[in-house]
Amino acid sequence: MPFLTFLLSRYIKSRKDSKFISTISIITVSGITLGVAVVIIALTILDGFNKIVTEKIINLNSHIKITAFGNRDLPNPDLIIPKITKEFGSEIINIEPFVSKLSIIKNKNYTEGITITGLSEANLKSTLNKYLLEGTFNDTSNYRPQIYIGKRLAEKLFVKNGDRVTVFSLHQNKIPSIDNPPSIEQFFVDGIYESGMSEYDDLNAYINIEEAKKIFGMEDEISGYNIKVADISKIDSVADKLQEFLGYPYYVRTIFRVHQNIFTWLELQKEPIPIILGLIIFVAVFNIVGTLLMIILERTSTIGILRSLGMKRKKISLLFVLHGFYLTILGTVFGNLLAYLLSIIQEKLNIISLPSTVYFVSSVPVSIELKNYILVTSITIIIALLASLIPSIVASKIKPISAIRFD
């Protein structure tokens, strides 16, 4: 093995008569580097998309949403929450009632249709605090009707923090009449948030749950529950058990079902990755095989001398397999370093921006996962080593006499 290592080092080092082969080796390593980096970065970005979009959706909703079939109102939560808590115990870490209805919001001559969601004071703060651009969560001791709206909605209405807006909504879910006029309430904009998801920033506004019950005429009724589970990997089983436990008219859905279109879109983005990985590996294999065959052609006489001195075919084969392994290792190491460096730069500086109305985020998200680096590196090395066997077998079958006479 030391002798093979010595020969390998002599083959790898640039010499006056082998500069072309050295250049080809550099091109091969560069190709593997770029290929590995591209695949890792693609996986890193897709994981980043999945992580940040899931996090935003869960923050603005919860793991499990319970509503009623036909968008009916649900009865007093004081009767239901203790039963759910008792039945599911440690599987559920939090359950919060909410009120949500369609309404119209108006400022001067500008009007928009929105969904108004009423949350408890603590839930309101935990939901929006991370995304709040302007305003604060006021103390209830100085209470005034307050509303929190998205940045894009504020721009459409030409509203700034502290302005007043008027909200029109149905009372008791009934068509307006003389006996049942619509609710008309003025609110102060006490906060403007930006989640980066136009579905929320354009169409959703948040108020206190008690104020929501008042303007919608709901008394002790609610629209549903937001539930957080202890283990998100068991979210489907918990949701199924909740549906079976509560029965009709309760409608239990995980956040992945509520926003199935978004998560399906995220999954579709991963479909081309095997194809890209396959193409990158094909290029790497082609480069390695081509480079080793060129080396064999240049070193044919050397191979013949080694064979005539008694070196076995297996060692000749191993020599070129090790050469292919060396090129592959260099390419994958540099590829990993390049991918990590570019990912860190994007994570810290957000150099590449995106339209949030299309991609749900304002810049390209990254999630650096060790598994992606291990997966791409392992597959590349294994396939490249198998590819190195082809030229190594060719080299081992060269006849000593023919090789020595080869010019």
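Refer to the structure presented above.
Keep in mind that this is a model prediction, so the values were computed, not measured. (Residues numbered from 1 in each chain as written. Predicted model: local features only at pLDDT ≥ 70, side-chain atom pairs only at ≥ 80, totals over all residues. Heavy atoms only, no water.)

Trainee: How would you sum up helix α3 (residues 77–88)? Please name residues and give values.
Mentor: Over its 12 residues, α3 runs 16 Å from end to end, which matches the ideal 16 Å to within 8%, given 1.5 Å per residue. Restricting attention to buried positions, one finds in α3 the residues Pro77, Ile80, Ile84 and Phe88. The buried residues of α3 occupy an angular sector of 70° when projected down its axis, which confines them to one face. Structural note: α3 exposes Asp78, Leu79, Lys83 and Lys86 on the side pointing more than 90 degrees away from its buried face. (Helix = DSSP H or I, 4+ residues; strand = E, 2+ residues; numbered from the N terminus. Expected span 1.5 Å × (residues − 1). Buried < 20%, exposed > 50% of the residue type's maximum accessible area, 1.4 Å probe, protein only. Arc of directions from axis to C-beta.)

Trainee: Outline the packing of aromatic side chains, supporting the account with residue identities and numerical values.
Mentor: Under the defined criterion, the tally for this structure stands at 6 aromatic pairs. Each ring, one from Phe69 and one from Tyr251, has its centre 4.7 Å from the other, and the planes form 25°; the classification is stacked. Linking Phe69 in the loop between β1 (64–68) and α3 with Tyr251 in strand β10 (residues 250–254), this pair joins segments that are 182 residues apart in sequence. The partly exposed category is assigned to Tyr251, whose relative accessible area is 30%. Here the aromatic rings of Tyr110 and Phe158 are separated by 4.8 Å at their centres, their planes lie at 40°, and the arrangement is tilted. With Tyr110 in strand β3 (residues 110–119) and Phe158 in the loop between α5 (151–157) and β6 (164–169), the pair connects residues that are 48 residues apart, well separated along the chain. Note on Tyr110: relative accessible area 38%, which makes it partly exposed. Classification of Phe158 by relative accessible area gives exposed; the value is 57%. (Phe/Tyr/Trp six-rings, centres within 6.5 Å; stacked < 30°, edge-to-face > 60°.)

Trainee: Which residues make up the packing of α3 against helix α8 (residues 235–246), and what values do they have?
Mentor: For the pair α3 and α8, interaxial distance at closest approach is 12 Å and the crossing angle is 130°. Comparing the axis directions of α3 and α8 gives the class oblique. α8 is crossed by α3, and the crossing has right-handed handedness. Contacts between α3 and α8 pair Ile80, Lys83, Ile84, Glu87 and Phe88 from the former with Val238, Lys241, Leu242, Phe245 and Leu246 from the latter. (Axes fitted to C-alpha atoms, helices over the stretch in contact; angles between N-to-C directions. Parallel < 35°, antiparallel > 145°, perpendicular 65-115°, else oblique. Left-handed = near helix turned anticlockwise from the far one by under 90°. Contact = heavy atoms within 4.5 Å.)

Trainee: Quick rundown of helix α7 (residues 209–216)? Include the residues and the values.
Mentor: Given 3.6 residues per turn, any residue in an α-helix points the same way as the ones three and four places further on. By the criterion of burial, α7 is predominantly enclosed, with 6 of the 8 residues buried. Among the residues of α7, those classed as buried are Ile209, Glu211, Ala212, Lys213, Ile215 and Phe216. Along its buried surface, α7 packs onto β2 (92–107), β3, β6, β7 (183–193) and β8 (204–208). Two or three places before Glu210, at the opening of α7, Asn208 has a side-chain oxygen 2.8 Å from that residue's backbone nitrogen. With its phi angle positive at about 65°, Gly217 sits one or two positions after the end of α7. (Polar contact = N/O pair within 3.5 Å; in protein donor to acceptor, adjacent residues only side chain to side chain.)

Trainee: Report on the environment of Ser223, specifying residues and quantitative values.
Mentor: Along the chain, Ser223 turns up in the loop between α7 and β9 (224–229). Relative accessible area serves as the criterion here: at 8%, Ser223 is assigned to the buried category. As a C-alpha pair, Ser223 and Arg72 span 151 residues in sequence and 7.2 Å in three-dimensional space. The residues contacting Ser223, other than those within four sequence positions of it, are Ile66, Thr67, Ala68, Arg72, Leu74, Phe98, Val99, Ser100, Lys101 and Met218.

Trainee: Describe the side chain of Thr380, with residues and values.
Mentor: Position of Thr380 among the secondary structure elements: in helix α15 (residues 370–396). Within the local environment of Thr380, its side chain forms a polar contact with the backbone oxygen of Val376, the two atoms lying 2.7 Å apart. Not counting residues up to four positions away in its chain, the partners in contact with Thr380 are Ile32, Val36, Thr328 and Thr332.

Trainee: Please provide a residue-by-residue account of the pattern of salt bridges, values included.
Mentor: Across all of its chains, the model carries 6 salt bridges by this definition. Linking Arg152 and Asp202 is a salt bridge whose minimum nitrogen-to-oxygen distance equals 2.8 Å. You can see Arg152 sitting in helix α5 and its partner Asp202 sitting in the loop between α6 (198–201) and β8, a full 50 residues away along the chain. For Arg152, a relative accessible area of 31% translates into the label partly exposed. Measuring nitrogen to oxygen at the nearest pair gives 3.4 Å for the salt bridge that ties Asp240 to Arg257. Here the residue Asp240 occupies a position in helix α8, and Arg257 occupies one in helix α9 (residues 255–258), the gap between them amounting to 17 residues. (Salt bridge = Lys/Arg side-chain N within 4 Å of Asp/Glu carboxyl O.)

Trainee: Any chance you could break down the side chain of Thr254 for me, citing the residues and the numbers?
Mentor: Along the chain, Thr254 turns up in strand β10. Using a relative accessible area of 0% as the deciding quantity, one classes Thr254 as buried. Among all residues touching Thr254, those that are not within four sequence positions of it are His63, Ile64, Ile235, Asp236 and Ala239.

Trainee: Provide a residue-level description of unusual backbone geometry, including the pertinent values.
Mentor: A cis amide bond links Tyr248 with the next residue in sequence, Pro249, at an omega value of 5°. Mapped onto the elements of the fold, Pro249 is located in the loop between α8 and β10. For Phe158, which is not glycine, the phi torsion reads 55° and is therefore positive. Despite not being glycine, Asn350 shows a phi value in the positive range, around 50°. Mapped onto the elements of the fold, Asn350 is located in the loop between α13 (313–349) and α14 (356–359).

Trainee: Describe the nonpolar core, listing the residues and the values that go with them.
Mentor: In this structure, Ile64, Ile66, Ile147, Ile149, Tyr225 and Leu242 are the most contacted members of the largest nonpolar core, which totals 42 residues. The contact partners of Ile64, leaving out residues within four places of it in the chain, are Tyr225, Asn226, Ile227, Val229, Ile235, Val238, Ala239, Leu242, Val252, Arg253 and Thr254. Tyr200, Tyr206, Phe263 and Leu266 belong to the second-largest nonpolar core, a separate cluster that totals 24 residues. (Core = buried A, V, L, I, M, F, W, Y, C linked by side-chain atoms within 4.5 Å.)

Trainee: Residues and numbers for the layout of surface pockets, please.
Mentor: Here the largest pocket is characterised by a volume of approximately 810 Å³. Asn71, Phe98, Ser100, Lys101 and Thr115 are, among the 32 residues lining the largest pocket, the residues nearest its centre. Going through the elements one at a time, α2 (19–60), β1, β2, β3, α4 (121–128), α6 and β8 are the ones with two or more residues in the lining of the largest pocket. Counting residues per element, the lining of the largest pocket draws most heavily on β2, which supplies 4 residues. Considered as a void within the structure, the second largest pocket measures approximately 260 Å³ in volume. Around the second largest pocket, the lining comprises 15 residues; the ones closest to its centre are Ile52, Asn350, Ser362, Ser363 and Pro365. Elements with a minimum of two residues in the lining of the second largest pocket: α2 and α13. For the lining of the second largest pocket, the residue count by class is 6 nonpolar, 6 polar and 3 charged. (1 Å grid on protein atoms, 1.4 Å probe; cavity = no way out; pocket = protein on both sides within 12 Å on 5 of 7 lines; lining within 4 Å. Points joined across faces, edges and corners; volume = space filled by probe spheres on them. Nonpolar A, V, L, I, M, F, W, Y, C, P; charged D, E, K, R; others polar.)

Geometry only, nothing functional implied.
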